[in-house]
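# Working through the structure, step by step
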Amino acid sequence: MKMTVSQAMVSCLEQEGIRQIFGYPGATICPFYDALSRSDIRHVLVRTEQNAGHAANGYARMTGKPAVCVVTSGPGATNLITGISTAYMDSIPMVIITGQVVSNLLGSDVFQEVDITGACEPFIKHSYLLKDPTQVARVFKEAFYIAGTGRPGPVLIDVPMDVQKMEVDFSYPTEVSIRSYKPSSKGHPGQIKKAAAAIAEARHPVIIAGGGVFSAGAEKELLAFSQKTRIPVVNTLMGIGAVPSDYDLRLGMIGMHGVRHANYAVHQADLLILAGSRVADRAIPSPTVLARQKKIIHMDIDPAEIGKNLGVDIPVVGDIRLMLSQLTEEIDAAVSENWQDWLEELNGVRQKVHPDYGPRDGYVNPKLLMHQLNQRADRNAIIVSDVGQNQMWSANEFAIPQGRFLTSGGMGTMGYSLPAAMGANAACPDRQTIAVCGDGSFQMCSMELATLVQHRLPVKIVVFSNNRLGMVREHQTVAYDNNLTAVFLDGSPDFAKLAAAYQIPSVRIHENSEIDNALTRLLEAEGPFLLEAMVDPLETTL
Amino acid sequence: MKHTLSVLVENHAGVLSRISGLFARRGFNIDSLAVGTTADPAVSCVTLVVDDKQNEVEQITKQLNKLIDVIKLQDFTPEEIISRELILIKVSANDQTRSKIAELAQLAGGKIADITRNSLTVECCDTTDRLENLLELMRPYGLKRVVRTGTIALEKGSEQLTIE
Ligand SMILES: Cc1ncc(C[n+]2csc(CCOP(=O)(O)OP(=O)(O)O)c2C)c(N)n1
């Protein structure tokens, strides 16, 4: 069918089943927007481009499919860079469309020209500069395929404005075949056998579940594997919720900010089974020591992650959903007899860990608030945390049985929570969605309150106000002899008034005794709601 | 040990910058790099020589394979390949030294490509080791300019690196 490239671009999105996109227009992407206005695809106008990326990120994580964001050339594109790198570091599938200046002026530094494919090269899965209008269908088909398969990631399509206006004969391909891109699926049977044998020999095995469990949609398979073998499960920050939080063999988060019994399990283990975890430094700070002491099975879709940070005994490359089923099948349930003492030992350690939910003089205890929030939220609620102390309070208290926990793991991008929560809620309007942030990170994304109102996204917001960049303050206390500098947030607005300016109701609390009522208001509000909890500036992360 | 990587890539704009960017940001060192098209004009071959001091060749090849434009690559040890590099050396020369230089260059496998009153340009196509040797022979006479292409290589024997 004859149509313009911009109509074809919209058609491509429709053919990919895209229902909603996040974006911010400008001159060079106007032809696309013109065509989009005649489509049923819902466009959510964010208030700065970075947040179009984070919203698509939240959307993609909830749907498991590539999500789309669209921005204009030059400053629109560069504003989105943090959104792209955040998605890349956490392997989130995303297709990014950027407008570009007219093709015959490319390279001459005209108004709002920036080499965005070049700029994003180090932190993007792939990118296209679409100069040939006849390639539009192929490029879109490939972009969605590349973004969503193998190790997922962001893919960018940069389209010059004149190309968007050209006419093409369009039909969307049903098949895609890229000779240089063939992601693996099943694990090598020989390696699976070796892994099963290593498990049979182990006495103190532990599964480390990472974000890859979600990328592969392998939550059920992971649970089945752990249930059959009775191997306990710890998780990384990205792997929170990989097994249900009420599962008896779930030990919690490992790493720098993890819980003691989970780290104990990793240290005392004789066999580590890494499932979709890339051995990042915050989760596993001293991989060389671990590699020397234990046997390691590493299951990952990306062969480059295996052996990158950690010497591995048994690499298994492939889709971990398939590989976990292969392994579950291969293994004899009787092996679980081998580590009864181990489970008891771990339970003993766990019994000794008591979170501190005590009172704070004139302040709210953030751990207690998160604890109660997790008790009271819907069974399938989504918590989207920001970065800082608030992230770790949220992470370690996460206990929503069928819930999801979203955060920026690899980049630790402040300002992630609210826009990502918007995206998550747009994907799952029926699921309670709660963004948790600090007063610093909230001010990196508070402009999105308008988006919540405009697009009727009932996201709940919890702000922990300590008038500090809390996590940096804590670091300065510990590592710089308490020389606190540039961490004071004086000058912040009254968040209740700010919310009110957007017609968003709110409550501010100073005492643990107020938590209960405040949560009732937060959770029962029809639309967006803001709960500000005043937190002691000296409150610690752990 | 030196490794020679033959990397078959899609012949698109931007591919070389993706490869060189990968080496730069991951801190991999390249000894030499040469690019050219293959028998199939849609495919280019990038030949990279790397020194595997930090045991990084495995990671290099895995990361290269992740680039969507990389179709196939193979890692060769020096014994497995025939390798060649082209060098052009402009040496200072005068009536006293000219014939001496020319004789040395020819003995070392070079040819005289250009001659002027005060210089000689020597060309040579050979293995990197032999080029180094030639260069050292020329050095005492005063090197004015030296340019080299980087190594290209093929596997020995009748086997061949193909896309399928
Ligand atoms: C975009 C960005 N800038 C800076 C940082 C460094 N950083 C990490 S945590 C943190 C403090 C966060 O403060 P706040 O949002 O108030 O949360 P709190 O730690 O007090 O809970 C900073 C500045 C970051 N992670 N991201």
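Residues numbered from 1 in each chain as written. Chains lettered and ligands numbered in written order. Predicted model: local features only at pLDDT ≥ 70, side-chain atom pairs only at ≥ 80, totals over all residues. Heavy atoms only, no water.

## A word on the sheet that holds strand β11 (residues 250-253) of chain A
Residue and element names in this part refer to chain A.
- Within the open sheet, the six strands sit side by side as β11-β10-β9-β12-β13-β14. Their pairing is parallel. Either end of the sheet is taken by a strand with one partner, and the two such strands are β11 and β14 (314-317). Neighbouring strand axes in the sheet, compared pairwise and without regard to direction, differ in orientation by 15 degrees on average.
- In this fold helix α14 (residues 320-330) packs onto β12 (271-275), β13 (295-300) and β14, with an angle of close to 135 degrees to the strand it touches most, β13. (Pairing = 2+ DSSP bridges. Helix = DSSP H or I, 4+ residues; strand = E, 2+ residues; numbered from the N terminus. Axes fitted to C-alpha atoms, helices over the stretch in contact; angles between N-to-C directions. Contact = heavy atoms within 4.5 Å.)

## Things to note about the domain arrangement of chain B
Residues and elements named next belong to chain B.
- Domain boundaries assigned for chain B yield domain 1 (2-76) and domain 2 (82-152).
- One C-alpha centre belongs to domain 1, the other to domain 2, and the line joining them spans 29 Å.
- Of the residues lining the interface, five residues belong to domain 1; the matching set on domain 2 comes to four residues.
- Regarding the contact of domain 1 and domain 2, the summed buried area is about 310 Å², with carbon and sulfur atoms giving 60% of it.
- When the area that domain 1 buries against domain 2 is broken down by residue, the three leading residues are S32, A34 and T47, summing to 74%.
- Where domain 1 touches domain 2, the interface holds zero salt bridges.
- Joining domain 1 to domain 2, the criterion identifies one residue pair in polar contact (both at pLDDT 80 or more).
- Listed by contribution, the elements that provide at least two residues to the side of domain 1 that touches domain 2 are β2 (32-37) and β3 (43-51).
- Considering every element that reaches the side of domain 1 that touches domain 2, the biggest residue donor is β2, with three residues. (Domains from an automatic or database assignment. Buried area = accessible area lost by both parts, 1.4 Å probe. Salt bridge = Lys/Arg side-chain N within 4 Å of Asp/Glu carboxyl O. Polar contact = N/O pair within 3.5 Å; in protein donor to acceptor, adjacent residues only side chain to side chain.)

## Focus on helix α15 (residues 340-352) of chain A
All names here are of chain A.
- Between its terminal C-alpha atoms α15 stretches 19 Å, which fits the 18 Å expected from 13 residues at 1.5 Å a residue.
- Those residues of α15 not exposed but buried are W342, L343, L346 and V349. Summarising the axial view, the buried residues of α15 lie within an arc of 120 degrees, below the 170-degree limit, and thus occupy one face. Away from its buried face, by an angle of more than 90 degrees, α15 presents the exposed residues D341, E344, Q351 and K352. (Expected span 1.5 Å × (residues − 1). Buried < 20%, exposed > 50% of the residue type's maximum accessible area, 1.4 Å probe, protein only. Arc of directions from axis to C-beta.)

## Some remarks on the interface of chain B and chain A
- Taken residue by residue, the interface counts 16 residues in chain B and 16 residues in chain A.
- Where chain B abuts chain A, roughly 1,400 Å² becomes buried across the two surfaces, and 46% of that area is made up of carbon and sulfur atoms.
- Inspection of the region where chain B meets chain A yields four salt bridges.
- Note that K66(B) is salt-bridged to D302(A), the shortest N-O span being 2.6 Å.
- Linking chain B with chain A are eight residue pairs in polar contact (both at pLDDT 80 or more).
- Elements that contribute at least two residues to the side of chain B that touches chain A include exactly α1 (15-25), α2 (57-66) and β4 (70-76) of chain B.
- Looking at side-chain class alone, the side of chain B that touches chain A contains six nonpolar, two polar and eight charged residues. (Nonpolar A, V, L, I, M, F, W, Y, C, P; charged D, E, K, R; others polar.)

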